[in-house]
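The primary structure of each chain is shown beneath.
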Amino acid sequence: MAMAISPPLAALVIFSLLATVNFAQRTCTSQNFSGNNFANCSDLPSLNAFLFWNYDSAQSTLSIAFVAPPAAPGGWISWAINPTGTGMDGAHALVAFRDSSGMTVRSYDINGYSLGSGPSNWFQVRTSSAEVSGGVIRLFATLVLPANVSTTLNQIWQVGSSVSGGAPRQHDVQPANLNARGTLDLLRGQTTTSVATGNSRLRNRNIHGFLNVVSWGILFPIGILFARYLRVFPSADPAWFYLHISCQISAYAIGVAGWSTGMRLGSESAGVTFSVHRNIGITLFTLATVQVFALLLRPKKDHKYRFYWNIYHHGVGYSIVILGIYNVFRGLNMLQQQEPRLRNAYIAVISTIGGLALLLEVATWIVVLRRKKSANSTKPYNGHISQQHLAP
């Protein structure tokens, strides 16, 4: 029986196919559009993008046409200059998209993880416009650059899939997006790219995800299983304690490595906003650090404060596991469209751990209730042993 395809999905598939066909084997010299009187053009190496420009050094004006297909219908394209670095942080961007009044171009100063309110305070936008046809957006602008500016500029370009509230939404973080940066030599008519930087960031992203899945998402829950269920059996004492400590300290060490990698990714990927994921990661690191050092203050079993320490220790421990699993899913959801198998694999792993915990919980309660029943049946009554117990 044929499977029905929803209209939005069909539109997305058709759009992607048309964009692929239209751009396959094309170069900037084959692009035809009105007003194409640019002296220089470049085939940008990622996102199927092209850049056209004229530079008037005497007037310090740069006229550009940036051409690229958005990531999806209703998406956006952007071209930016960064006078202080090679990433999005500190960049001055032009963004083209369709709003309620038609195609529009807006300029933003990008600071950290957020778009500025605009317009750019580094270059002056003398004119700007945009058009869309054949699944491609063309962004036109004439910029007045600061006097005595270097003729070799750091450029960044990007595409996104949606616009919300009159502002572009988060773009993908695939290799093509991460590699969308380089330099532009205005006089020589040359562009270069920094593919190694994008590949390094992609590698760090994968390392970050792997370390955090193993630590917060797997080892910490397993460590709690050791403490909660093995301690019920006297023969497992003190083995359960050393297994618990070994597992949690290993998880903490791996988690710190994953957390630091994530913080580095954040500093290198300004403009890519995952604030909730980041804030939960900082909270996890703080709680786990406090939990590890609290072991140094662990009272003895007969100490009067041991009861309160146990409440704190268990509460923080379960909070770490819940937040850790939740944040792992947040991270995997960011990659769901590109790497759905990773999320499915983790669901299988954590479901297995959860199923094992459920079985152990039932078994533990059976053991505890039997012991309690056995203890009650042998308990003295009014100073004498129960007659029922003495009966043959």
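Everything here concerns the structure above.
Before going into details, it helps to say that this report is about the structure given with it. (Residues numbered from 1 in each chain as written. Predicted model: local features only at pLDDT ≥ 70, side-chain atom pairs only at ≥ 80, totals over all residues. Heavy atoms only, no water.)

Time to look at the environment of Ser60. Mapped onto the elements, Ser60 comes out in the loop between β2 (50-56) and β3 (61-68). For Ser60, a relative accessible area of 11% gives the class buried. Along the sequence, Ser60 and Ala147 sit 87 residues apart, while their C-alpha atoms lie 6.6 Å from each other. There is a polar contact of 3.4 Å between the side chain of Ser60 and the backbone oxygen of Pro146. (Helix = DSSP H or I, 4+ residues; strand = E, 2+ residues; numbered from the N terminus. Buried < 20%, exposed > 50% of the residue type's maximum accessible area, 1.4 Å probe, protein only. Polar contact = N/O pair within 3.5 Å; in protein donor to acceptor, adjacent residues only side chain to side chain.)

What follows covers a nonpolar patch on the surface. Together, Tyr305, Phe307, Tyr308 and Ile311 make up a nonpolar patch on the protein surface, roughly 490 Å² of accessible area in all. With respect to the secondary-structure elements, Phe307 resides in helix α6 (residues 306-334). A residue is classified by how much of its surface remains accessible, and Phe307, at 54% relative accessible area, is exposed. (Patch = residues over 30% accessible without salt bridge, like charges linked within 9 Å, V, L, I, M, F, W, Y side chains within 5 Å. Areas by Shrake-Rupley, 256 points an atom, 1.4 Å probe, with all protein chains shown as cover. Salt bridge = Lys/Arg side-chain N within 4 Å of Asp/Glu carboxyl O.)

A one-sided burial pattern is seen for strand β1 (residues 40-43), the buried positions being Asn40 and Ser42 and the unburied ones Cys41 and Asp43. Where β1 and β2 come together, four bridges link them in antiparallel fashion. Looking at the pairing, Asn40 lines up with Trp53 of β2. Hairpin connection from β1 to β2: six residues lie between these consecutive antiparallel strands, with Leu47 at a positive phi of about 65°. (Pairing = 2+ DSSP bridges.)

Looking at soluble globular proteins, one finds that nonpolar side chains tend to be buried together. One finds Leu62, Ile64, Phe66, Trp79, Leu139 and Leu145 to be the most contacted residues of the largest nonpolar core, which totals 30 residues. Broken down by secondary-structure element, the contributors of at least two residues to this core are β2, β3, β4 (76-82), β5 (92-99), β9 (136-144) and β10 (152-160). Aside from chain neighbours lying at most four places away, what touches Phe66 is Leu44, Ala49, Phe50, Leu51, Ile77, Ser78, Trp79, Ile137, Arg138, Leu139, Trp157 and Gln158. Listed in part, the 11 residues of the second largest apolar core include Trp216, Phe220, Ile224 and Ala288. (Core = buried A, V, L, I, M, F, W, Y, C linked by side-chain atoms within 4.5 Å. Contact = heavy atoms within 4.5 Å.)

Now for the sheet that holds β1. On the basis of which strands lie adjacent, the open sheet formed by five strands has the order β1-β2-β3-β9-β8 and antiparallel pairing. The strands lining the two open edges of the sheet, one partner per strand, are β1 and β8 (124-133). Here the strands of the sheet are splayed against their neighbours by 15° on average, with no regard to which way each runs. (Axes fitted to C-alpha atoms, helices over the stretch in contact; angles between N-to-C directions.)

Put plainly, a disulfide is one covalent bond tying together the sulfur atoms of two cysteines. For the structure on display, the rule yields one disulfide. Between the sulfur atoms of Cys28 and its disulfide mate Cys41 the distance is 2.1 Å. The sign of the S-S torsion, about 50°, decides the handedness of the disulfide formed by Cys28 and Cys41: right-handed. You can see Cys28 sitting in the loop between α1 (7-23) and β1 and its partner Cys41 sitting in strand β1, a full 13 residues away along the chain. Accessibility expressed as a relative area gives 27% for Cys41, which makes it partly exposed. (Disulfide = S-S within 2.5 Å.)

Before going further, it helps to examine unusual backbone geometry. Each neighbour pair has its own omega, and for Asp237 with Pro238 the value is 5°, a cis peptide bond. If you trace the backbone, Pro238 turns up in the loop between α3 (195-229) and α4 (239-268). Despite not being glycine, Leu47 shows a phi value in the positive range, around 65°. Looking at where Leu47 falls in the secondary structure, it is placed in the loop between β1 and β2. One non-glycine residue, Ser60, lies in positive phi territory at about 55°.

These figures capture arrangement, not role.
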